[in-house]
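Residues per chain, in single letters:
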Amino acid sequence: MQRQRSLVQGIVQGVGFRPFVYNLALRWRLVGFVLNNSAGVTIEVEGTPEALDGFQRALREEKPPLARIDTVVTDLIPLCHDAGFTIMHSESGSERQALISPDTAMCQDCLSELFDPQDRRYGYPFINCTNCGPRFTIVQDVPYDRDKTTMRIFPQCSSCQREYNDPRNRRFHAQPNACPVCGPQVRLIDWSASSLSLEEEPEPIENAARCLAEGAILAIKGLGGYHLACDACNVEAVQRLRQRKYREAKPFALMVPDLATARQLCHISEAEAALLQSQRRPIVLLQRCARNFVAPAVAPLYETLGIMLPYTPLHALLLAAFAEASDHPAVLVMTSGNMSDEPIAYRDDDARQRLHSIADGTVTHNRDIYMRCDDSVMRVVAGGEQFFRRSRGYAPEPIPLPFDLPLPLLACGGHLKNTFCLGKGRQAFVSHHIGDLENLETLTSFREGIEHFQRLFDITPQAVAYDLHPEYLATKYALDTSSIPRKIGVQHHHAHIASVLAEHGLQGPVIGVAADGTGWGTDGAIWGCEIMVADLRDFERAAHLAYVPLPGGEQAIHQPWRMAATYLAQVYGDDFLALDIPFVQQLERTKWRLLAQMMERGINSPLTSSLGRLFDAVAALLGIRRQVVYEGQAAIEMEVLAETDDVDSYPFAIHSGSKPALLDVAPLIRAIVNDLQQKIPISRIAGRFHCSLAEMFVQACMQVGAQTGLRVVTLSGGVFQNRLLLELLVARLKVLGLQVYINRRVPPNDGGISLGQLAIAASRLRDDC
């Protein structure tokens, strides 16, 4: 006989791991115990060597659906001669190593019970078990026990308690376990009149569905915050939601009951179907069918729709009831519950204050959300998954690192699409989506999130990494934090490249291509189209888009016509005003003269190498978009129009005599003007532009590769959310025998740079030791 003690680390608390271990021990006729503690799960088992080997093998191969085992450390210890196997109470410890599971979609077992009239939880909108339900958004502290969640105010009834105490039941120690007798309850509240009490409104979900079918807008309380919902097929309701939310153009996400309904709206591959139906249930960007029945204002000028399936029982019940109340397929707009640029509302009083001017009422409940968490947004591209936003369903699951962090670290991320990242050991905890740090509410969410992650994962940072831009609020937070002694500035685009290296376990050096709208350069210019030779410590700028002025600074981002006129002036001088093209004919000469004077005098006209601004310029030249309401709008609309069949590249130049080399698009601008004068269709010009950028990057990478011997290319930055450009470039590089890596576990936009900042800071600290 032998006795083993094992410490299991990973996502092993709140996912049914202890009852799994208990039943394994019974199967192998072992005695001992299992318990949760701050380090993970501790197991002691005693039996024959053969039984212990079988137990250890099954431990790794048969783990519960939501569990993730990172390490198992096992030692032989003296025999104790226990009488049986028991599950012991959780114990606290000095250093916390346990991980918290992300919130996960309702499992198939719970879904079956939800719609089974014979089940005691029939129609109960908070059904869950150890294999599904809320986790991160209700957890206040660890170890993950009920009294450390927002469920602590709901004492379990005798029936729920029996399930909770039974190791053979799938609800054993399911901390959110509840039923209609003892658990949270839903209310439908009419914000346009008086509040409806539970007694007055016995069927809140059915009545909410009826209201939606009649054209109402409702605020729906979900897992990580409120959604704003309306009938996606009701043209008037969708337009009213746009007006009230002050969201002029960005697409709305949709929720449908099942894959069959989604297929009525979009073309869906096997990989996309698997992602839609996964336990993480992100919003998936899908190619829309030429004919579908949703209101045009759901996603104006887009060829894609953002679709998600229900991930809570409340969603499933609401969609089922809506299908009964409506005369068309159940498709609901389900967009974030906020005004534009604000964080999602998640507290009930805050939701009432901020959303009552948008929604006619709310479907709410009395289970508190402790940590807000917006929906994740993804797509399948270039043979794999790509994040646009990494949040619910994924955070706070750590990203494993290929190296040990020399000390606990905090990386503060960027200004737009902010995430922060905390790390220790070999784990990087990239936060849920925080948003654009442009107001007090989002900055407060940023601060609260950092404090919560530090507490949950017992991380006290000893160094902080930050973006070089002096006016970013995340940078100011880092520099003002007196409790963290070491501060490490990281160049924005280097962080983009390092995020790819970190998630793929690469050390570098590599050829890194970083392309986006804005990033503070080491020379004080605004970078945004950079080809680097980079590793996790440093970078050398090998090439970049030739500088042009950014007339009016931030205003040029909102008014692409400024960049179009600037590029024309760079190429033609003042003679561009005589060009016979629609853009020049429509240009307001007075406004242009003021801008020209500003640039001539160097007033609020910083130099930029931004590829995002080049996209803006070309979109304005083509008459696609002279002004935008959100960054990237012009580029997105140009991509939608682009046709690449039987088109070749425009000319460009790479001036290798300078260091770094300059990517000169003056020949490209001349060729586009010539095509406009020849009345070439806009779609073909847009397609040629995309092909030209791909070819320019390929040639630049090949030149850098020839000079350095490097054959690995990494691509990152918000521009690589452009499917057409990304797939053209990846395919071309691979044909030439280069290895290509892109972001798969964090977004290529600024939502991923906190991971890159952390990796760079760790490398520099390690080398300095």
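Above this text sits the structure in question.
For clarity, every value in this text was computed on a predicted model and none was experimentally measured.

Draft legend 1. Looking closely at the pattern of salt bridges. This structure, assessed with the given rule, holds 36 salt bridges. The partner of Arg170 in a salt bridge is Glu113, and the shortest N-O contact between them spans 3.0 Å. Here the residue Arg170 occupies a position in the loop between helix 4 (158-165) and strand 6 (186-190), and Glu113 occupies one in helix 3 (residues 108-114), the gap between them amounting to 57 residues. The exposure class of Arg170 is partly exposed, given its relative accessible area of 23%. Judged by relative accessible area, Glu113 falls into the buried class, the value being 15%. Ionic pairing is found between Arg280 and Glu397, a salt bridge with its closest N-O pair at 3.1 Å. Taken together, the positions of Arg280 in the loop between helix 8 (270-277) and strand 11 (283-288) and Glu397 in the loop between strand 16 (384-389) and strand 17 (399-400) put the pair 117 residues apart, joining distant regions of the chain.

Draft legend 2. Spatial organisation of the pairing of strand 22 (residues 486-490). Two strands pair when backbone bridges link them, and strand 21 (residues 463-467) and strand 22 are joined in this way by five bridges, in the parallel orientation. Directly across from Val464, in strand 22, lies its bridge partner Lys487. In this region the chain leaves strand 21, passes through helix 12 (residues 473-480) and returns to the parallel neighbour strand 22; the handedness of that crossover is right-handed.

Draft legend 3. Main features of the sheet that holds strand 18 (residues 409-411). Across the sheet, six strands lie side by side as 17-20-19-18-21-22; this open sheet has mixed pairing. Whereas interior strands pair on both sides, the edge strands pair on one side only; in this sheet they are strand 17 and strand 22. Across three bridges, strand 18 lies against strand 19 (residues 421-424) in antiparallel orientation. Bridge assignment links Ala411 to a residue of strand 19, and that residue is Cys421. The sheet contacts of helix 23 (residues 753-768) involve strand 17, strand 18, strand 19, strand 20 (427-430), strand 21 and strand 22, and relative to strand 22 the element is tilted by about 120°.

Draft legend 4. Structural view of the pairing of strand 2 (residues 31-37). Counted residue by residue, strand 2 has seven buried out of seven residues, so it is predominantly covered. What you see with strand 2 is no split at all: Val31, Phe33, Leu35 and Asn37 on one side and Gly32, Val34 and Asn36 on the other are buried throughout. In terms of strand pairing, strand 2 meets strand 3 (residues 40-47) through seven bridges, oriented antiparallel. Across the sheet, residue Gly32 finds its bridge partner in strand 3, namely Val45. Connecting strand 2 to the next strand, strand 3, in antiparallel fashion are two residues. Judged from the three bridges that link them, strand 2 and strand 5 (residues 85-87) form a sheet pairing that is parallel. From the neighbouring strand, Gly32 faces strand 5, where its bridge partner is Phe85.

Draft legend 5. Fine view of the environment of Cys266. Relative to the elements of secondary structure, Cys266 occurs in strand 10 (residues 266-267). Apart from the residues lying within four places of it in its own chain, the contact partners of Cys266 are Leu286, Gln287, Arg288, Cys289, Leu305 and Ile307.

Draft legend 6. Molecular detail of the side chain of Arg171. Summarising the element assignment, Arg171 is placed in the loop between helix 4 and strand 6. Those residues within four positions of Arg171 in sequence are excluded, and the remaining contacts are Cys110, Glu113, Arg121, Ile127, Asn128, Cys129, Thr130, Glu163, Tyr164 and Asn177.

About the criteria used
- Residues numbered from 1 in each chain as written.
- Predicted model: local features only at pLDDT ≥ 70, side-chain atom pairs only at ≥ 80, totals over all residues.
- Heavy atoms only, no water.
- Salt bridge = Lys/Arg side-chain N within 4 Å of Asp/Glu carboxyl O.
- Helix = DSSP H or I, 4+ residues; strand = E, 2+ residues; numbered from the N terminus.
- Buried < 20%, exposed > 50% of the residue type's maximum accessible area, 1.4 Å probe, protein only.
- Pairing = 2+ DSSP bridges.
- Right-handed = clockwise from strand over helix to strand, strands pointing away.
- Contact = heavy atoms within 4.5 Å.
- Axes fitted to C-alpha atoms, helices over the stretch in contact; angles between N-to-C directions.

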